[in-house]
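Each chain, letter by letter, is given below.
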Amino acid sequence: MRALVLTDFHQLDLVEVERPDPGPGEVLLRISATGICGSDFHGFTGENGRRVPGQIMGHESSGTIAGLGEGVDPATLPLGAPATFNPVVVPDALVEEYRGREHHAPGKQVIGVAQHLQASFADYVVVPARNVLLLDPAMPLHLGALIEPLAVAVHAAGLAHPLPEERALVVGGGPIGQSLVLALQRLGLSEIALSEPDPQRRELVAALGVTVLDPSEGPLAEQVLEALGGPADLAIDAVGLSPTMADALAATRLGGRVVLVGMGSPRLELPAFAISTEERTVIGSFTYSAQDFADATAWIGGHVEQAATLVSRVVGPAGAQEAFTALATGRGPAGKILVSFDEEEVPA
Ligand SMILES: [Zn+2]
């Protein structure tokens with residue numbers, strides 16, 4: 001089968017490797033499409049230290065069930081059925097104990113991040129059966145690759161416990177910020193503003209029906225006040241830098257909530273009194289629970305049009321090197337790039 005191997009930093013090669021076989025309790029998936037994540041292209045350059053040469057990356061995928069290992073029930077996971085996989089793998093012994101917060105389980109492995117696991121920038125991948133989720137057969141299969149980033153957003157939005165009538169601000173209009181808009185709309189919110197300096201990203205986000213703001217046009221708090229008719233009840237920072245967190249805090253009402261999901265910097269300087277005397281809560285968010293992933297999967301099947309807005313480009317495996325390089329050098333498109341492993345490749 002074909003696989004994209006990170007042979008060296010800045011170098012992805014399409015090579016022939018042996019197709020894996022599903023062991024007991026495992027499923028073989030034929031990959032249709034895999035999204036390029038920020039963590040992938042920052043790993044591609046070596047800058048985040050989260051990927052190593054020799055690795056086959058990929059954790060945002062859709063495909064079809066192509067083989068079942070021993071003990072996997074074909075009635076639950078039928079051959080040929082469209083599916084996605086949750087890349088967060090919890091050790092067997094901890095599945096019950098960590099139900100509902102699988103991502104906190106010690107020893108968890110993330111397919112696409114764990115260096116020794118062959119992941120899904122390839123024709124096939126093997127994953128545990130309990131990590132496989134069936135997709136709505138009516139939805140375009142490649143859109144299933146958007147479920148993983150949407151699950152990140154479903155989790156982050158859920159941690160703020162927003163009410164439908166509340167005002168929300170999203171800081172950052174990249175793929176996670178875009179997914180956050182969908183995740184907030186899924187919870188019934190309609191008063192949503194998103195701040196993003198890039199005009200192409202603002203255009204994409206505006207198509208989702210929310211107010212877009214340009215942070216370079218003046219203090220974000222004032223822009224939010226005007227756009228939403230009041231300060232935000234909650235803000236979600238999908239960037240994670242000191243200035244974006246300061247903006248998120250300033251644009252939020254006293255007693256409001258700010259969720260930090262962006263990982264732009266390992267250290268932040270925060271306006272302390274915006275948290276202490278003004279009683280805002282800062283909530284950390286990372287990945288998702290199995291339920292968040294299932295919720296994202298269920299939602300996307302019924303909202304194909306909104307989901308499709310988030311895909312800017314589909315390339316074949318031969319186009320991956322160029323796509324990764326473009327993303328790593330800031331020349332990427334406004335939305336997601338998917339790498340398609342379908343036989344008939346969608347032209348770029
Ligand atoms: Zn990702």
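Residues numbered from 1 in each chain as written. Predicted model: local features only at pLDDT ≥ 70, side-chain atom pairs only at ≥ 80, totals over all residues. Heavy atoms only, no water.

Visitor: Talk me through the pattern of salt bridges; I want residue IDs and the actual numbers.
Guide: Here the idea is simple: oppositely charged side chains can pair when their charged atoms come close. The final tally for this structure, using the stated rule, is 13 salt bridges. Of the charged contacts, one joins Asp 92 and Arg 130 as a salt bridge, the two residues approaching to 2.9 Å between their closest N and O atoms. One end of the pair, Asp 92, is in the loop between strand S6 (88–89) and strand S7 (109–110); the other, Arg 130, is in the loop between strand S8 (124–128) and strand S9 (132–134), and 38 residues separate them in sequence. Judged by its relative accessible area of 62%, Asp 92 falls in the exposed class. Looking at Arg 130, the relative accessible area reads 43%, which means it is partly exposed. Within the structure, one salt-bridge network assembled from shared partners comprises Glu 166, Asp 233, Arg 253 and Arg 257. (Salt bridge = Lys/Arg side-chain N within 4 Å of Asp/Glu carboxyl O. Helix = DSSP H or I, 4+ residues; strand = E, 2+ residues; numbered from the N terminus. Buried < 20%, exposed > 50% of the residue type's maximum accessible area, 1.4 Å probe, protein only.)

Visitor: Hey, could you go over the pairing of strand S5 (residues 82–85) for me, with residue numbers and the actual values?
Guide: Covered by surrounding structure in S5 are Pro 82 and Thr 84 together with Ala 83 and Phe 85, the residues of both alternating faces. One ladder, built from 3 bridges, connects strand S4 (residues 61–68) with S5; its direction is antiparallel. Counted as the bridge partner of Gly 63 is Ala 83 from S5. Sheet analysis places S5 next to S9, joined by 3 bridges and oriented antiparallel. Looking at S9, one finds that Ala 83 is bridged to Leu 134. (Pairing = 2+ DSSP bridges.)

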